[in-house]
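Results of the structural survey
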Amino acid sequence: MAKVAFIGLGVMGYPMAGHLRVKGGHDLTVYNRTAAKAEKWVAQFGGNAATTPAQAADGADYVFCCVGNDDDLRSVTTGKAGAFEALKAGAVFIDNTTASADVARELDAAATAVGAHFIDAPVSGGQAGAENGVLTVMCGGQADIFERAKPVIDAYARMVGLMGPAGSGQLTKMVNQICIAGLVQGLAEGIHFGKKSGLDIEAVIDVISKGAAGSWQMENRHKTMNAGKYDFGFAVDWMRKDLDIVLAEARHNGARLPVTALVDQFYAEVQSLGGKRWDTSSLLARLEK
Ligand SMILES: NC(=O)c1ccc[n+]([C@@H]2O[C@H](COP(=O)([O-])OP(=O)(O)OC[C@H]3O[C@@H](n4cnc5c(N)ncnc54)[C@H](OP(=O)(O)O)[C@@H]3O)[C@@H](O)[C@H]2O)c1
């Protein structure tokens, strides 16, 4: 049983912290900007609520974090009353936010400066994956620190991999988002075409999902896409944040991502249709408007 802090009890962080408490059996202190969520979490799982990230991190062996973007992350770490003010020597800060590789390297240096360690650990698997404790976790950091942290991370994960030094977890998550962007557009076009052709989409997917076109998105999203339902899942706003990070990194490393850049613009159109909080499968709504 370790002393664990969790910062950011959103859609993802709330259940992830819950698994660290229940499955991991750890002693948890949680912090959330909107205090009511932290109080609700403590009422449900026990443990303590802190009033600042620094207070949460004070004395913790492992400090987890899952906030929105780079700026949010800086604010709860190196900002005023941020966790890094209180990180004890040898503590491991594990960041589950989807953020840039640059901020991961920056925080790795800041953690090292106070005698602590940093692992960037973005996740894939969505809200359901977080609630069921079966996320895929892509880590960047030192091998010995990763080996120490992995059994703790396991509480909310099905797959935890070390991809390389700090920043490598975020770069891997970028590959994940690049693959999803093009794939969802392809799926949207396939369903759109099938409907225009008068085919029974359920029957079509039933057959083709067993062949080379099958995918997680096809399996888990075709029914709701066919029904035009998007008020759930991974929000378009979040996807655009992720693609912004991807495209900035590509400008830096010279990768050519024409389809990803195009799909990002399609998502901008979905946002203007009122779909900021719609699931990413809403690329079909744009074709049907
Ligand atoms: N949702 C998904 O399916 C999914 C899947 C994979 C990865 N992710 C990534 O996981 C991260 C979190 O996503 P989520 O869906 O859990 O988001 P969310 O529900 O909006 O939660 C965001 C959390 O961060 C906190 N926060 C944001 N800015 C902050 C700041 N400046 N200072 C302090 N706290 C701050 C929020 O506090 P308040 O409660 O006060 O707002 C909230 O606890 C994102 O990077 C997202 O891209 C999400």
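You'll find the structure just up there.
Residues numbered from 1 in each chain as written. Predicted model: local features only at pLDDT ≥ 70, side-chain atom pairs only at ≥ 80, totals over all residues. Heavy atoms only, no water.

What follows is about the layout of surface pockets. By volume, the second largest pocket is sized at about 200 Å³. Around the second largest pocket sit Asn69, Asp70, Asp71, Ser100, Asp102, Lys241, Asp244, Ile245, Ala248, Glu249 and His252, which together line it. Counting residues per element, the ones that place at least two in the lining of the second largest pocket are helix H4 (70-77) and helix H11 (236-253). It is H11 that provides the largest number of residues to the lining of the second largest pocket, a total of six residues. When its residues are assigned to classes, the lining of the second largest pocket shows two nonpolar, three polar and six charged. Taken domain by domain, the lining of the second largest pocket gets at least three of its residues from each of domain 1 (3-164) and domain 2 (171-288). (1 Å grid on protein atoms, 1.4 Å probe; cavity = no way out; pocket = protein on both sides within 12 Å on 5 of 7 lines; lining within 4 Å. Points joined across faces, edges and corners; volume = space filled by probe spheres on them. Helix = DSSP H or I, 4+ residues; strand = E, 2+ residues; numbered from the N terminus. Nonpolar A, V, L, I, M, F, W, Y, C, P; charged D, E, K, R; others polar. Domains from an automatic or database assignment.)

Our next topic: helix H12 (residues 258-272). Spacing of three or four residues puts side chains on the same side of an α-helix, whose turn is 3.6 residues. Helix length check: H12, at 15 residues, gives a terminal C-alpha distance of 22 Å against a target of 21 Å (1.5 Å per residue), a fit within 8%. Among all positions in H12, only Thr260, Val263, Asp264, Phe266, Tyr267, Val270 and Gln271 are buried. On an axial view of H12, the arc spanned by its buried residues comes to 160°, and they lie on one face. Exposed residues pointing more than 90 degrees away from the buried face of H12 are listed as Pro258 and Ser272. (Expected span 1.5 Å × (residues − 1). Buried < 20%, exposed > 50% of the residue type's maximum accessible area, 1.4 Å probe, protein only. Arc of directions from axis to C-beta.)

Any functional reading would require information that these geometric values do not contain.
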